[in-house]
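One letter stands for each residue in the lines below.
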Amino acid sequence: MIYGKFVIQLEHQLTSSFKSKQNNFKNLIANSDILKPQIQSIIENLNNNKPTLITGPSGVGKTHIIQSLHKRLSQNPSSSSSIISIHLGEQTDAKLLLGTYTSGSKPGTFEWKNGVLTTAIKEGKLVIVEDINKAPTEVLSVLLSLLENRCITIPSRGETVYCANGFQMIATITTSRENSNNYKDLIGFRLWNEVQIPEIPDLMELLKWKSDEQLYQLLPNLVKVFEEVARITALPSFSSLNKGVTSRPVTVRDLVKLCDRLTILVKNKTIDLKWMTSESYDIIFLETIACFTSFVAEKNAIVLLAESIGEILQIQPQRIQTLISSNYIPVLENNEDDITIGRCHLIKNVINKQKKSINDTSFATTNHAKRLMEKVGVSIKNNEPILLVGETGTGKTTVVQQISKMLQKKLTVINVSQQTEGSDLLGGYKPVNCRTLIVPIVDDFEELFPITFSMSKNEKFYNLFHKCVKKQHWSNVVKVLNQAYKMAESICQTSIEECQSSEENTNEESNNAVKKRKLNSIQATTLLRQWQHFKKSYEIFEIQSQTLDKSFVFDFVEGSLVKAIKNGEWLLLDELNLATADTLENISDLLNDDPENRSILLSEKGEAEAIRVHPDFRLFGCMNPATDVGKKDLPNSIRSRFTEIYVESPDSNLEDLLAIIDKYIGKFAMSDEWVGNDVASLYIEAKQLAEGNKIVDGVSQKPHFSIRTLTRTLLYVIDIISIYGLRRSLYEGFCMNYLTLLDLQSEK
């Protein structure tokens, strides 16, 4: 890898000339004229094989500058994989960097597995050590030897590994105004060549670099909006208006995100900035509101910000009130191939791999739900990580589950806690035998089989497979899977051929019309590709089962996060604010502002190649506000990378509350039209008593009643209504869910 000084001249040409000459390079450096001395220093250090330490506040682009230089200087596109990001934390073990002995492919044998740093040194890769000031002393001592002698020693093997040609090491430290110089007592600081990146001085240059040219005329107003919102949210009076809830600070990321959204709308010709219509004004205003107010909890605070934004964007006050009030109801259309939610249009997955669950509950598409689905849908469309914040039982997880169900996307939900480790998400070395190896194969089979075959006609075959698995007849399991693959291949090939013949004969009228097929050509091709991938997995299992029968070895088992990243599935991390710092560090690379740079490195596995994120992968986070005992806020460095949406309770609107009740018991209340109002009144009164501290639970604490409590009551009512009737069932349900947790006095 050659870092020539001629690159500086290329890097500091006008941004427009970059885009015209190198359209394939999207991640160029913003404010490059201002950062010229810093970029020059970095390149000189790389030329002279000097370790570089890049310091600066959060969000100034420390990692982005390195990635941009690397992309510019790498002529071979495949060489982009030669850059490795290592995130260090307080629990990072030096063995993960150097290597360790792991169980061999044969039971009872052990083999040496190089760590991620050792692999990078041997292969001559560029290593970025993120947040080196958070590393433990043991890891810093390893890096100290590398800085002094350009080699590392592996004590357990008595081996010295020297740096290969091309190996470079760059470290980053995030500073703040409070502790701007605390990092200078870092072990080995004298050996680093520090380059300080200042805060972004010119927002207009940054936005022009990120935005479409048609958007330039709108940028001054967008900067004014950002500055005004930042000023208002920093006022103590705003916190009081927001009922004391501390919302996250407004950052430049929010402004850049808004410009990215508007740029996409301009390119898709959804809005035309040359001939502005009232619809275009509405869309721009709604996108601005979504980026700058969606994380605010209280309605009055949102109105204050919306009025200020509307005044700068020259939106009529009456129109502002209409767009932010409960009268604004997005249109929801669920078509065969796509769904439309207000201003958002999403394409459905070709193959529905969702499992039918007996626990599926009714979902009421209330006006509140439609507005929330529109906000979430826009973020999904723009490939943004989403953080839903709201009290317990307001429907945060349910809304994501409903959207994934409508789009036929597989969603994995993980409840995060303080005991959750990085290995729970990424995976780790675990003892495995045939029974553990067959689990993911059984899961894939249970997804693919119902899509391809009729379950009623093939129930015996399906049960035969599970019978062989239960009895651990692995050879028979493989035979059954081979037979299933042959049948699936035949069905898919037949569907593809029928589609082709149907297209050839579309203009010919014939009495022998092609019979209606279960799969179209695209679905059949996609399904066949998935069966072929499935065949490879069970063929690997066939080889492993011959050596692992009645024994086990230690092997790396991938976690739910890695599986979702590879397969393009959705992942929801519930109670994200309870996660440890190391767990949050593991997902930080998935929050990169540029989806093309999102990846994850399995450092425990010793791999030097990062796993690129599938384009269809989406990451969701849910958390309660840090108002309860034991709850904490997410660090701002992580929280600011999410698109944060505050979810208010659906019961704030009586019409929405009645719609939810009707969704559950409406068909049982044909002869009792007032039962829905009575249930709503009882629920509201119970909630007011709890919030007014007039009733307490068994430990003298305020009980928490939410929509979740109500829906659980109504589900119980549905189960017993055939025995007791509607009114008596409601009485029994409310007694069970509302009275049993109260003390004796409150119960009366």
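Counting starts from 1 at the beginning of each chain's written sequence and moves along it residue by residue. Local features in this predicted model are restricted to residues whose pLDDT is 70 or higher, and side-chain atom pairs enter the listing and the counts only when it is 80 or higher, whereas totals over whole chains, interfaces and linings include all residues. Neither water nor hydrogens contribute to the side-chain values; these are computed over all heavy atoms in the structure.

Naming follows an unreviewed UniProt entry, where the protein chain appears as p-loop containing nucleoside triphosphate hydrolase protein of Hanseniaspora valbyensis NRRL Y-1626.

J.: Could you clarify how one ought to interpret the overall build of the protein chain in this entry?
T.: When helices and strands are counted, the protein chain shows 29 helices and 21 strands. Taken across its 748 residues, the protein chain has 49% of its residues classed as buried. Whether two residues are in contact is decided by their heavy atoms: any pair within 4.5 Å suffices. Long-range contacts, defined as pairs at least 24 residues apart, comprise 75% of the intrachain contacts of the protein chain with a sequence gap of at least 6. Element-wise, carbon and sulfur atoms account for 48% of the exposed surface of the protein chain, whose accessible area totals about 37,900 Å². Put simply, DSSP marks the helices as runs of H or I at least four residues long and the strands as runs of E at least two long, and each gets a number from the N terminus on. The cut-offs for exposure are 20% and 50% of the maximum accessible area for each residue type, with area from a 1.4 Å probe on protein chains only; residues under the lower value are buried, those over the upper are exposed, and the others partly exposed. Areas reported here follow the Shrake-Rupley algorithm with a probe of radius 1.4 Å; residue values treat only the protein chains shown as occluding.

J.: Where do I start with the sheet that holds strand S17 (residues 570-574) in this structure?
T.: Two strands in a sheet stick together by hydrogen bonds in their backbones, pointing the same way (parallel) or opposite ways (antiparallel). The criterion for strand pairing is that DSSP finds at least two bridges linking the strands in question. With parallel pairing, the five strands of this open sheet are ordered in space as S14-S17-S20-S13-S21. At either margin of the open sheet sits one strand with a lone partner, and together these are strand S14 (411-415) and strand S21 (643-646). For this sheet, the mean inter-axis angle between neighbouring strands, taken without regard to orientation, is 20 degrees. One ladder, built from four bridges, connects strand S13 (residues 386-389) with S21; its direction is parallel. Residue pairing in the sheet places leucine 387 in a bridge with glutamate 644 of S21. For helices, the fitted line uses only the C-alpha atoms of the stretch in contact; every axis is such a line through C-alpha atoms, and the angle between N-to-C directions lies from 0 to 180 degrees.

J.: Which parts of the structure should I look at to understand helix H7 (residues 137-149)?
T.: Count 3.6 residues to each turn of an α-helix, and residues three or four apart come out pointing the same way. In this analysis, the expected span of each helix is defined as 1.5 Å times one less than the number of residues it contains. With 13 residues, H7 ought to run about 18 Å at 1.5 Å a step, and its terminal C-alpha atoms sit 18 Å apart, in line with that. Turning to H7, its buried residues number three or more, namely Val139, Leu140, Val142, Leu143, Leu146 and Leu147. Along the axis of H7, the buried residues cluster in a sector spanning 155 degrees; they form a single face. Packed against the buried residues of H7 are helix H5 (94-98), helix H6 (116-123), strand S6 (151-154) and strand S8 (168-175). What the arc describes is the spread of directions from the helix axis to the C-beta atoms.

J.: Can you walk me through the sheet that holds strand S11 (residues 338-341) in this structure?
T.: Strand order in this open sheet of three strands is S10-S11-S12, and the pairing throughout is antiparallel. Since the sheet does not close on itself, it has two edges, and those belong to strand S10 (332-334) and strand S12 (344-347), each with one partner. If you compare each strand with its neighbour and ignore which way they point, the axes differ by 10 degrees on average. As judged from the four bridges shared by S11 and S12, these two strands associate in the antiparallel manner. Its bridge partner being in S12, threonine 340 is matched across the sheet by histidine 345.

J.: Would you explain the pairing of S11 in this entry?
T.: Moving residue by residue along a regular strand, the side chains alternate between the two faces of the sheet. In S11, alternate side chains face the same way, and those of Asp338 and Thr340 on one face and Ile339 and Ile341 on the other are all buried. Bridge analysis of S10 against S11 gives three bridges, and the strand direction is antiparallel. Across the sheet, the residue bridging to leucine 332 is isoleucine 341, located in S11. The hairpin formed by S10 and S11 contains three residues between the paired strands. In textbook terms, the turn of a hairpin is the stretch between consecutive antiparallel strands, and for S11 and S12 this stretch comprises two residues, one of which, glycine 342, has a positive phi near 60 degrees.

J.: How should the side chain of threonine 452 be read in this particular structure?
T.: Mapped onto the fold, threonine 452 is located in helix H18 (residues 434-452). By relative accessible area, threonine 452 is classed as buried at 5%. From its side chain, threonine 452 meets the backbone oxygen of leucine 448 in a polar contact 2.9 Å long. Each polar contact in these results corresponds to two N or O atoms within 3.5 Å; when the atoms are within protein, one needs to be able to donate a hydrogen and the other to accept it, and residues that are neighboring in sequence are counted only if both atoms are side-chain atoms.

J.: Help me understand the nonpolar core in this model?
T.: Where a protein is soluble and globular, its nonpolar side chains tend to be buried together. Buried Ala, Val, Leu, Ile, Met, Phe, Trp, Tyr and Cys residues form a nonpolar core when they are joined through side-chain atoms within 4.5 Å. With 46 residues, the main nonpolar core has Leu222, Leu262, Ile271, Phe285, Phe292, Ile309 and Leu313 as its most contacted residues. Contributions of two or more residues to this core are made by helix H8 (203-210), helix H9 (219-233), helix H11 (252-267), helix H12 (278-293), helix H13 (299-313) and helix H14 (317-324). A total of eight residues in this core trace back to one element, the largest contributor, which is H13. Phenylalanine 285 has contacts with Ala306, Ile309, Gly310, Leu313, Ile315, Ile320, Leu323 and Ile324, leaving out every residue within four places of it along the chain. Residues Leu88, Leu117, Ala135 and Phe189 belong to the second largest nonpolar core, which totals 36 residues.

J.: Please explain the packing of aromatic side chains as it appears in this structure.
T.: Each Phe, Tyr or Trp ring, with Trp reduced to its six-membered ring, pairs with another whose centre is within 6.5 Å; inter-plane angles below 30 degrees give stacked pairs, above 60 give edge-to-face pairs, and intermediate values give tilted ones. According to the stated counting rule, one finds 13 aromatic pairs in the structure shown. An angle of 35 degrees between the planes, with centres 4.2 Å apart, marks the rings of phenylalanine 445 and phenylalanine 465 as tilted. Residue phenylalanine 445 is located in helix H18, and its partner phenylalanine 465 is located in helix H19 (residues 459-470); the two are separated by 20 residues in the primary sequence. A connected cluster of aromatic rings, assembled from ring pairs, spans Phe445, Phe449, Phe453, Phe461, Tyr462, Phe465, Trp531, Phe534 and Tyr538.

J.: What's the story with unusual backbone geometry in this structure? I'm lost.
T.: Residues apart from glycine generally show negative phi values, whereas peptide bonds are mostly found in trans. Residues other than glycine seldom take positive phi values, yet glutamine 408 does so here, at roughly 60 degrees. Along the chain, glutamine 408 turns up in the loop between helix H16 (396-406) and S14. Of note, glutamine 472 is a non-glycine position whose phi angle comes to about 60 degrees, a positive value. For glutamine 472, the position within the fold is in the loop between H19 and helix H20 (474-504).

J.: What should I look at first to understand the packing of H18 against H19 in this one?
T.: The geometry of a pair of packed helices is captured by two quantities: the angle between their axes and the separation between those axes. Where H18 meets H19, the axes come as close as 11 Å, and the angle between the chain directions of the two elements is 175 degrees. Between H18 and H19, the angle is such that the two are roughly antiparallel. Contacts from Arg435, Ile438, Val442, Phe445, Glu446 and Phe449 in H18 reach Phe461, Tyr462, Phe465, His466, Val469 and Lys470 in H19. Residue polarity is assigned by list, with Asp, Glu, Lys and Arg as charged and Ala, Val, Leu, Ile, Met, Phe, Trp, Tyr, Cys and Pro as nonpolar; anything else, Gly included, falls into the polar class. Residues of the contact of H18 with H19, tallied by class, amount to eight nonpolar, one polar and three charged. Note that the term roughly parallel is reserved for angles under 35 degrees, roughly antiparallel for angles over 145, roughly perpendicular for angles of 65 to 115, and oblique for everything else.

J.: Can you walk me through the environment of lysine 702 in this structure?
T.: With respect to the element layout, lysine 702 can be found in the loop between helix H26 (675-691) and helix H27 (707-724). For the pair formed by lysine 702 and leucine 689, sequence separation is 13 residues and the distance between their alpha carbons is 9.5 Å. Discounting chain neighbours no more than four positions away, the residues touching lysine 702 are Ala690, Glu691, Asn693 and Ile695.

J.: When you look at the confidence of the model for the protein chain in this model, what are you seeing that I'm missing?
T.: Put simply, the protein chain has an average pLDDT of 80, and 85% of its residues get 70 or more. As a per-residue quantity, pLDDT reports the predictor's confidence and falls between 0 and 100. Element-level pLDDT for the protein chain is lowest in helix H2 (residues 15-21), with a mean of 33, against a maximum mean of 93 in S13. Overall, residues 76-80 carries pLDDT values under 50, and its contacts beyond four positions in sequence, including any with other chains, amount to four contacts. Here residues 507-517 is a poorly scored stretch, pLDDT under 50, and it has five contacts once near neighbours within four places are set aside; other chains count.

J.: Please explain H11 as it appears in this structure.
T.: Between its first and last C-alpha, H11 extends 23 Å over 16 residues, near the 22 Å set by a 1.5 Å rise per residue. Here H11 has its buried residues at Asp254, Leu255, Val256, Lys257, Leu258, Cys259, Arg261, Leu262, Thr263, Leu265 and Val266. Downstream of H11 by a residue or two, lysine 269 has a phi angle that is positive, lying close to 60 degrees.

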